[in-house]
Amino acid sequence: MAAKTKSTVVDSKKQFEAISKQFETFQILNEEGKVVNESAMPDITDEQLKELMRRMVYTRILDQRSISLNRQGRLGFYAPTAGQEASQIASQYALEKEDWILPGYRDVPQIIWHGLPLYQAFLFSRGHFHGNQMPEGVNCLSPQIIIGAQYIQTAGVALGLKKKGKQAVAITYTGDGGASQGDFYEGINFAGAYKAPAIFVVQNNRYAISTPVEKQSAAQTIAQKAVAAGIVGVQVDGMDPLAVYAAVRDARERAINGEGPTLIETLTFRYGPHTMAGDDPTRYRTKETENEWEAKDPLVRFRLFLEAKGIWNEEEENKTIEQAKEDIKEAIQKADKYPKQKVTDLMEIMYEEMPYNLKEQYEIYKAKESK
Ligand SMILES: Cc1ncc(C[n+]2csc(CCOP(=O)(O)OP(=O)(O)O)c2C)c(N)n1
């Protein structure tokens, strides 16, 4: 190995040490469900805490049912979410209705809790256009498949909110892999330059399909990438719902006050495969790694915390599970009954004014469909 460079220009060791000190993981609730950071406790009522738990339990059931429906051939594209509930649900819970969500493909739970009806989420999975039609007043874009593209769009949406004088933010999500994309850097840089009210979340679940985060970047944390864009960066325990909630509330307040965007890295883990399209995590993850992360489970630690406060019990949990199962059953039936997608539907929704050459094709299909 080559000798270490003795530089008189920069003390590289000192520089790296200073960076890692600035981006220590923010945590409120530890794995045993104990508050370890009392002074950072967010302002949140017992009823809100229970609602957050309900939503996380509900979402875990939705994930299990979605996987099973996918295996039965009743859903199409599906990216599992179990393990990421604190990161996803607590971050959405910290928003207000007027805020905008620009999700990635794994972030369907956040847009459901922001108002997308469940049957439409199922239609989205089936590739039906109606799954992308947000109801009036549901401020969400449809899930982005192109890795990182939503980061640039978020900078634009946030700048639009600022120009319109709205007291609202735009929040977006990508994975650790997304933080290696050019769009990621362009998005955070632009939003920083214009002090746009944006919140950029990177859900670091450690793998971009099979590529480990260590192979994605030489940076010790993803949060520190905020420095180059001149914005605030924070690394959060993404298995801790209270820490995620507090970090997003904090970022939202800064954004609304005109102090610009925040980059939040949530340290999390997806228990399941990358998507249901044939990924096999046992080929790139060890059982030990999986066990290590499952011991950090957000539902387990939050349940312990709420039980110790005397505001959660088995009955509450079972009620939530039953409700989720009932809603899912109804929603899948509604999705089944929804009119099948026609070729002419795709043409109609794409254009306000259809080009003449497509009009010809449109008429041909219209005639075929009416037979
Ligand atoms: C621009 C682009 N390149 C490649 C892909 C293929 N692809 C789909 S998911 C994925 C990995 C993304 O990993 P990460 O950003 O960590 O998110 P995660 O799926 O772990 O939530 C890749 C490379 C894509 N969809 N878009």
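Residues numbered from 1 in each chain as written. Predicted model: local features only at pLDDT ≥ 70, side-chain atom pairs only at ≥ 80, totals over all residues.

- Labelled according to an unreviewed UniProt entry, the chain appears under the name Pyruvate dehydrogenase E1 component subunit alpha, originating from Metabacillus bambusae.
- In the Function (unreviewed entry) part of its UniProt record, the chain is described as follows: "The pyruvate dehydrogenase complex catalyzes the overall conversion of pyruvate to acetyl-CoA and CO(2). It contains multiple copies of three enzymatic components: pyruvate dehydrogenase (E1), dihydrolipoamide acetyltransferase (E2) and lipoamide dehydrogenase (E3)." (UniProt positions renumbered as here; feature names shortened; annotations may be inferred.)

**Description of the UniProt feature "domain: Dehydrogenase E1 component" (unreviewed entry) in the chain**
- When the UniProt feature table is mapped onto this chain numbering, "domain: Dehydrogenase E1 component" (unreviewed entry) sits at residues 53–343.
- Annotated as residues 53–343, this span is 46% helix and 11% strand, and its ends, taken at the C-alpha atoms, are 42 Å apart. (Helix = DSSP H or I, 4+ residues; strand = E, 2+ residues; numbered from the N terminus.)

**Here's the deal with the environment of Leu 161**
- Counting through the fold element by element, Leu 161 comes out in helix H6 (residues 149–163).
- Apart from the residues within four sequence positions on either side, Leu 161 is in contact with Lys 166, Ala 168, Ala 170 and Pro 197. (Contact = placed C-beta atoms within 7 Å.)

**Considerations on the sheet that holds strand E2 (residues 170–175)**
- Strand order in this open sheet of five strands is E1-E2-E3-E7-E6, and the pairing throughout is parallel. Of all strands in the sheet, those bounded by a partner on one side alone are strand E1 (100–102) and strand E6 (232–237). The sheet shows a mean angle of 20° between the axes of neighbouring strands, taken without regard to direction.
- Where E6 and strand E7 (residues 262–267) come together, six bridges link them in parallel fashion. Residue pairing for E7: Gly 233 is matched across the bridge by Leu 263.
- Sitting on the sheet, H6 touches E1, E2 and strand E3 (198–204), and the angle it makes with E2 is about 170°. (Pairing = 2+ DSSP bridges. Axes fitted to C-alpha atoms, helices over the stretch in contact; angles between N-to-C directions.)

**Considering the nonpolar core**
- Counting residues in each nonpolar core, the largest one holds 82 residues, and the members touching the most others are Ala 198, Ile 199, Ala 247 and Ile 264.
- The dominant element in this core, judged by the number of residues it contributes, is helix H9 (residues 241–256), at nine residues.
- Setting aside chain neighbours within four positions, we find Ile 264 in contact with Ile 199, Phe 200, Val 201, Val 234, Val 236, Ala 247, Val 248 and Ala 251. (Core = buried A, V, L, I, M, F, W, Y, C linked by C-beta atoms within 7 Å. Buried ≥ 20, exposed ≤ 12 C-beta atoms within 10 Å, placed from the backbone.)

**Description of the site of the ligand**
- What surrounds the ligand is a group of 15 residues, the closest being Ile 147, Gly 175, Gly 177, Gly 178 and Ala 208.
- If you list the elements that add at least two residues to the shell around the ligand, you get E2 and strand E4 (207–208).
- The class makeup of the residues in the shell around the ligand is six nonpolar, seven polar and two charged. (Near = placed C-beta within 6 Å. Nonpolar A, V, L, I, M, F, W, Y, C, P; charged D, E, K, R; others polar.)

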